[in-house]
Amino acid sequence: AASAPVKAPVAALAALVFGACAIGFAPIFVRMTETGPAAAGFWRLLLALPLLAALAWRNDGGAARDLPSRAMLLAGLFFAMDLSFWHYGVKLTSVANATVLANLTPIVVTIVGFLVFKEKVGPLFLAGMALGLSGAWTMAEGRGSTAPGTNPPLGDVLSAATALWYAAYFLCVRQARARFGTMAVMFWSSLVGALGLAVIMLALGEDILPATLAGWGACLGLAIVHVTGQGAIAWALGRLPTATAY
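Fair warning: this is a prediction, and the values are worked out from it, not measured in the lab. (Residues numbered from 1 in each chain as written. Predicted model: local features only at pLDDT ≥ 70, side-chain atom pairs only at ≥ 80, totals over all residues. Heavy atoms only, no water.)

Asks: What's the story with the overall build of the protein chain in this structure? I'm lost.
Replies: Broken down by element type, the protein chain carries eleven helices and zero strands. Starting at the N terminus and walking to the C terminus, you meet the elements of the protein chain as α-α-α-α-α-α-α-α-α-α-α. A burial count over the protein chain gives 49% of its 246 residues as buried. Once local pairs closer than 6 in sequence are excluded, the contacts in the protein chain between residues at least 24 apart make up 92%. Roughly 11,500 Å² of accessible area belongs to the protein chain as shown, and the carbon and sulfur atoms make up 74% of that amount. (Helix = DSSP H or I, 4+ residues; strand = E, 2+ residues; numbered from the N terminus. Buried < 20%, exposed > 50% of the residue type's maximum accessible area, 1.4 Å probe, protein only. Contact = heavy atoms within 4.5 Å. Areas by Shrake-Rupley, 256 points an atom, 1.4 Å probe, with all protein chains shown as cover.)

Given below as structure tokens:
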């Protein structure tokens with residue numbers, strides 16, 4: 001069952017910070033996987049599934065055995081698109097640009113949260129979001145000349161499009177968390193996402209298997225980042241308003 005909201009959001013905010021820090025390692029691992037971009041996402045989700053299944057069985061009362069909700073299935077599909085677009089962006093442009101452009105998601109999430117979920121957005125929050133986004137953009141501009149990738153303009157476009165896919169994933173996870181526990185949502189969305197990425201990597205003829213142990217280690221690192229980072233964020237989504245969470 002979904003966890004009940006807590007009165008003090010301190011733990012949820014701490015989980016968000018931890019999740020964001022963990023996910024920050026993902027672009028580095030993507031470049032080290034020695035696979036195609038979508039294949040890197042496939043291994044990220046596939047290698048995470050056994051641990052997610054065990055955690056769902058233990059923490060959510062075996063909720064992973066139940067049929068997934070529509071929100072879980074959609075979350076998996078959107079996450080597959082998110083990872084494929086973002087991983088290609090990481091390969092084609094600089095890590096800094098790919099990360100910053102993909103994180104334009106708060107703008108989309110805040111607008112949807114206000115229009116659909118009727119969540120109030122105060123001027124202080126808007127000012128903070130604008131300041132954070134401008135600071136991140138400044139950092140990206142300052143690092144734009146380092147490791148730019150093979151096709152920066154295309155990589156920037158793909159990374160910006162990632163923000164839309166991740167916003168859709170984010171909102172579906174939020175909806176699913178209203179009824180289901182964190183790990184059950186993570187398990188089903190990751191399973192569907194892995195299947196979607198498998199189709200993408202095969203259709204694009206990508207390199208699927210890492211060539212060295214270091215490549216496999218990077219894939220395992222992505223899986224750990226997924227369980228800890230996305231898991232922490234999904235947990236916090238059941239306890240915070242949409243705008244605050246992102």
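Asks: I'm lost on the packing of helix H3 (residues 37–59) against helix H4 (residues 70–92) in this one. Help?
Replies: A pair of packed helices can be characterised by two numbers: the angle between their axes and the separation between those axes. Closest axis-to-axis distance for the H3/H4 pair is 8 Å, and the angle between their directions is 130°. With respect to their mutual orientation, H3 and H4 come out oblique. Crossing of H3 against H4: the hand is right-handed. Taken together, the residues of H4 that come into contact with H3 (itself represented by Pro37, Ala38, Ala40, Gly41, Arg44 and Leu45) are Phe79, Leu83, Ser84, Trp86, His87, Tyr88 and Lys91. Of the residues in the contact of H3 with H4, the class split is eight nonpolar, three polar and two charged. (Axes fitted to C-alpha atoms, helices over the stretch in contact; angles between N-to-C directions. Parallel < 35°, antiparallel > 145°, perpendicular 65-115°, else oblique. Left-handed = near helix turned anticlockwise from the far one by under 90°. Nonpolar A, V, L, I, M, F, W, Y, C, P; charged D, E, K, R; others polar.)

Asks: Sorry if this is basic, but what is going on with H3 here?
Replies: Residue pairs three or four apart in sequence face the same way in an α-helix, which turns once every 3.6 residues. The end-to-end C-alpha distance of H3 is 32 Å, a good match for the 33 Å that 23 residues give at a rise of 1.5 Å each. Largest kink in H3: about 40°, centred on Leu49, with the proline Pro50 one to four residues after it. (Expected span 1.5 Å × (residues − 1). Bend = angle between axes of the 7 residues up to and from the residue.)

Asks: Please explain the environment of Phe180 as it appears in this structure.
Replies: Along the chain, Phe180 turns up in the loop between helix H8 (152–177) and helix H9 (182–203). Taking the C-alpha atoms as reference, Phe180 lies 9.4 Å from Pro68; in sequence the two are 112 residues apart.

Asks: Help me understand the nonpolar core in this model?
Replies: As a rule of thumb, nonpolar side chains are buried together in soluble globular proteins. Counting 52 residues, the largest nonpolar core has Phe42, Leu52, Tyr169 and Leu197 as its most contacted members. If you list the elements that add at least two residues to this core, you get helix H1 (10–23), helix H2 (26–32), H3, H4, helix H5 (95–102), H8, H9 and helix H10 (213–237). Sequence-distant contacts of Phe42, that is, excluding residues within four places in its chain, are made with Ala194, Leu197, Ala198 and Met201. (Core = buried A, V, L, I, M, F, W, Y, C linked by side-chain atoms within 4.5 Å.)

These figures come from the coordinates and say nothing about function on their own.
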